[in-house]
Amino acid sequence: MVGSVNADLVVGVDRWPGPGETVLGSDLATHPGGKGANQAVAAARLGGRVALLGRIGGDGHGDLLRGSLADAGVDLAHLLVTDAPTGVALITVGPDGDNTIIVSPGANAHLSEDDVAAARDLLAGATVVSFQLEVPRPTVLAAARTAAGGGARVVLNLSPAALVPDELLGLCDPLVVNEHEAAFLLPDHSAEDDPAALAAALRERGPRSVVITLGADGALVATGEETQVVPSPKVNPVDTTGAGDAFTAALCLRLARGDDLVTAARFAVRVGAAAVRKAGAQSSYPTGVDELPG
């Protein structure tokens, strides 16, 4: 994994405030998070051999995150400490389990192309490398080039949504997005468009395959051979924070083990569904297939 390492500061609310409005929330809870760290922990808990290239600060939040990653069995040889605060995500969770998130990148913004060069052997020797966009985009592109050059399969979760070079899209197999992220890349479409149409338009941008996550409805998988919706098991959501990361981690794990993309997605929707049944991101991730719904 190449990506962010954040402390999630979470408050529950009965409703979100409007502009200039104050509402009362629950007690503050602090959880280990960050898209890179979440995916690393989720894959490791499911038995994957996982390493993470990322940056933290030399502070209490950094200690919390290092401990969580180590407890999950993630290789931390390339988890680097920088002279900046550890990244933080400010999260509010509504009564239906949906959330809003603001990320302060902190140390994540210091992950550099030099760090990628130092981790060349790690990236080039991997089977699958997963990326997100909470670290600098030039770093992601450099790492994706290195991974692909060594024969690794590149998986990009385009979150948070941002414009990326066509070269990066062309390395993706798959590009993983939700409907809003898909529409962000497609000015002539909206998130309300048919997911199959979104996937077809995205594939024209260069990715070898596309996965569009559909929340409680599962995911749509589009390759050169087929387009298929993979339904999700039905669960009662408590907190959706980190569910997309759990899905992507499980997808990468099964791709690394040789599954085709549709088969990997069938497993990933079950892991994503399991993750919404508990509060927090990493704290909600299953540790074995016996914990998966469906």
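In this text, all values refer to a predicted model and were calculated from it rather than measured experimentally. (Residues numbered from 1 in each chain as written. Predicted model: local features only at pLDDT ≥ 70, side-chain atom pairs only at ≥ 80, totals over all residues. Heavy atoms only, no water.)

Let us now look at the overall build of the protein. Scanning the protein for helices and strands turns up 10 helices and 12 strands. For the protein, the C-alpha atoms occupy an extent of roughly 50 × 40 × 40 Å along the three principal directions. In the protein, which comprises 294 residues, the proportion classed as buried is 54%. Put simply, 63% of the contacts in the protein that link residues at least 6 apart link residues at least 24 apart. (Helix = DSSP H or I, 4+ residues; strand = E, 2+ residues; numbered from the N terminus. Buried < 20%, exposed > 50% of the residue type's maximum accessible area, 1.4 Å probe, protein only. Contact = heavy atoms within 4.5 Å.)

Here the focus is the layout of surface pockets. Empty space within the largest pocket amounts to approximately 1300 Å³. If you trace the largest pocket, you find 45 residues lining it, with Asn-178, Gly-215, Thr-240, Ala-243 and Gly-244 closest to the centre. Those elements that place two or more of their residues in the lining of the largest pocket are strand S1 (6-12), helix H1 (35-45), strand S5 (87-93), strand S6 (99-104), strand S9 (172-178), helix H7 (179-185), helix H9 (243-256) and helix H10 (261-275). Here the element with the most residues in the lining of the largest pocket is H9; it accounts for five residues. (1 Å grid on protein atoms, 1.4 Å probe; cavity = no way out; pocket = protein on both sides within 12 Å on 5 of 7 lines; lining within 4 Å. Points joined across faces, edges and corners; volume = space filled by probe spheres on them.)

Quick look at the sheet that holds S5 now. What the four strands build is an open sheet, ordered S2-S1-S5-S6; its pairing is mixed. Of all the strands in the sheet, the pair left with one neighbour each is strand S2 (29-33) and S6. Shown here is a sheet whose adjacent strand axes are inclined to one another by a mean of 25°, direction ignored. Pairing between S1 and S2: five bridges, direction antiparallel. Within S2, the residue paired with Val-10 across the bridge is Ala-29. Of the strands in this sheet, S1, S2 and S5 are in contact with helix H2 (residues 60-72), which crosses S2 at around 55°. (Pairing = 2+ DSSP bridges. Axes fitted to C-alpha atoms, helices over the stretch in contact; angles between N-to-C directions.)

Attention now goes to H2. An ideal rise of 1.5 Å per residue puts 18 Å on 13 residues; H2 measures up with 19 Å between its terminal C-alpha atoms. Within H2, the full set of buried residues consists of Gly-62, Leu-65, Ser-68, Leu-69 and Ala-72. Projected down its long axis, H2 carries its buried residues within an arc of 130°, all on one side. In H2, the exposed positions that point more than 90 degrees away from the buried face belong to Gly-60, Asp-63 and Asp-71. Close packing links the buried residues of H2 with S1, S2, H1, strand S3 (54-57) and strand S4 (79-82). Two residues or fewer past H2, Gly-73 is found with a positive phi of approximately 95°. (Expected span 1.5 Å × (residues − 1). Arc of directions from axis to C-beta.)

On to the sheet that holds strand S12 (residues 227-230), then. For sheets, the rule is that strands pair by backbone hydrogen bonds, running either parallel or antiparallel. Across the sheet, which stays open at both edges, the six strands sit in the order S7-S8-S9-S10-S11-S12 with mixed pairing between neighbours. Every other strand in the sheet has two partners, leaving strand S7 (128-131) and S12 as the edge strands with one partner each. Within this sheet the neighbouring strands show an average axis-to-axis angle of 15°, counted without direction. Bridge analysis of S7 against strand S8 (residues 153-157) gives four bridges, and the strand direction is parallel. Considered in S8, the bridge of Ser-130 is made with Val-155.

Turning our eyes to something else, we now look at the nonpolar core. Residues Val-5, Leu-52, Leu-69, Val-74, Val-211, Phe-247 and Leu-251 are the most contacted members of the largest nonpolar core, which totals 48 residues. Examining the composition of this core, we find that 10 residues originate from one element, H10, more than from any other. With near-sequence residues (within four places) excluded, Leu-251 lies in contact with Pro-174, Val-176, Val-211, Leu-261, Ala-264, Ala-265 and Ala-268. One finds Val-129, Leu-156, Leu-168 and Leu-169 within the second-largest nonpolar core, a separate group that totals 40 residues. (Core = buried A, V, L, I, M, F, W, Y, C linked by side-chain atoms within 4.5 Å.)

Next up on the list: the environment of Arg-254. As for its placement among the helices and strands, Arg-254 is situated in helix H9. Taking the relative accessible area as the measure of exposure, Arg-254 reaches 23% and is therefore partly exposed. Separated by 124 residues in the primary sequence, Arg-254 and Ser-130 have C-alpha atoms spaced 13 Å apart. Beyond its immediate sequence surroundings of up to four residues, Arg-254 is in contact with Asp-259, Ala-264 and Phe-267.

Following the sequence through the fold, Ser-130 ends up in strand S7. A distance of 2.5 Å separates a polar atom in the side chain of Ser-130 from a polar atom in the side chain of Gln-39. With sequence-adjacent residues up to four places away left out, Ser-130 is seen in contact with Met-1, Val-2, Gln-39, Val-155, Thr-248 and Cys-252. (Polar contact = N/O pair within 3.5 Å; in protein donor to acceptor, adjacent residues only side chain to side chain.)

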